[in-house]
Amino acid sequence: MGQIEWAMWANEQALASGLILITGGIVATAGRFTQWYFGAYSIVAGVFVCLLEYPRGKRKKGSTMERCGQKYMTAVVKLFGPLTRNYYIRAVLHLLLSVPAGFLLATILGTACLAIASGIYLLAAVRGEQWTPIEPKPQERPQVGGTIKQPPSNPPPRPPAEARKKPSEEEAAAEGPSAGPQDNPIPVTDDVV
């Protein structure tokens, strides 16, 4: 059985917790909770987490489905180099970002989810995983002359290759003319009952 790539799970968990932080922050700020500034912090932290986690990392084996518009954010995340590539740093960053949001009831769910994502990133880092961007593969354009083949001359179903050989002129003359009316061996009547 293959190994689990924990970073993929952590990425999905962190992205969802960023959205939950934003939602809880909006509720706390719009509701003018007594500590609404933690709600404002949660909005900013949630947006940062979502921007950091939006680009998926490339899997070691198999293919990775790229998110819509990921290539633009991948370029930004690649600029920070080892700060975004190393999962130890991401684990500590997410844990530190989650602490202030834990002081408000509206944002505590996002805090818990982000702390869980931090733990999963720590597990991924211990197992030696790191973030690598999904690079677009260069499209190989087929040669126009090399891919065009002659279409079949007769429609399907086709007889086997041995039977498809064209008869020689002598055999064709012996068979007689192939075009013209044919005689029906069964008599046809037009009696309508």
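Residues numbered from 1 in each chain as written. Predicted model: local features only at pLDDT ≥ 70, side-chain atom pairs only at ≥ 80, totals over all residues. Heavy atoms only, no water.

Chemist: Requested: an account of the nonpolar core, with residues and values cited.
Modeler: Ala-14, Val-49, Tyr-87, Leu-97, Leu-114 and Tyr-121 are the most contacted members of the largest nonpolar core, which has 18 residues in total. Counting residues per element, this core draws most heavily on helix H6 (residues 108-126), which supplies 6 residues. In contact with Val-49, not counting residues within four places along its chain, are Ala-14, Gly-18, His-94, Leu-97 and Leu-114. (Core = buried A, V, L, I, M, F, W, Y, C linked by side-chain atoms within 4.5 Å. Buried < 20%, exposed > 50% of the residue type's maximum accessible area, 1.4 Å probe, protein only. Helix = DSSP H or I, 4+ residues; strand = E, 2+ residues; numbered from the N terminus. Contact = heavy atoms within 4.5 Å.)

Chemist: Can you explain the pattern of salt bridges? Please cite residues and give values.
Modeler: A side chain of one charge can pair with a side chain of the opposite charge if their charged atoms are brought near each other. Summed over all chains, the structure comprises 2 salt bridges. Arg-56 serves as the salt-bridge partner of Glu-12, at 3.2 Å between the closest nitrogen and oxygen. Of this pair, Glu-12 sits in helix H1 (residues 6-30) while Arg-56 sits in the loop between helix H2 (36-53) and helix H3 (70-79), placing them 44 residues apart in sequence. With relative accessibility at 35%, the residue Glu-12 sits in the partly exposed group. (Salt bridge = Lys/Arg side-chain N within 4 Å of Asp/Glu carboxyl O.)

Chemist: Could you give me a rundown of the packing of helix H5 (residues 87-101) against H6, with the residues and numbers involved?
Modeler: Packing of H5 against H6 brings their axes to within 8 Å, and their N-to-C directions diverge by 165°. Our classification of the angle between H5 and H6 gives roughly antiparallel. As for how H5 packs across H6, the hand of that crossing is left-handed. Packed against H5, whose contacting residues are Tyr-87, Tyr-88, Arg-90, Ala-91, His-94, Leu-95, Leu-97, Ser-98 and Ala-101, the element H6 presents Ile-108, Thr-111, Leu-114, Ala-115, Ser-118, Tyr-121, Leu-122, Ala-124, Ala-125 and Val-126 at the interface. For the contact of H5 with H6, the residue count by class is 14 nonpolar, 4 polar and 1 charged. (Axes fitted to C-alpha atoms, helices over the stretch in contact; angles between N-to-C directions. Parallel < 35°, antiparallel > 145°, perpendicular 65-115°, else oblique. Left-handed = near helix turned anticlockwise from the far one by under 90°. Nonpolar A, V, L, I, M, F, W, Y, C, P; charged D, E, K, R; others polar.)

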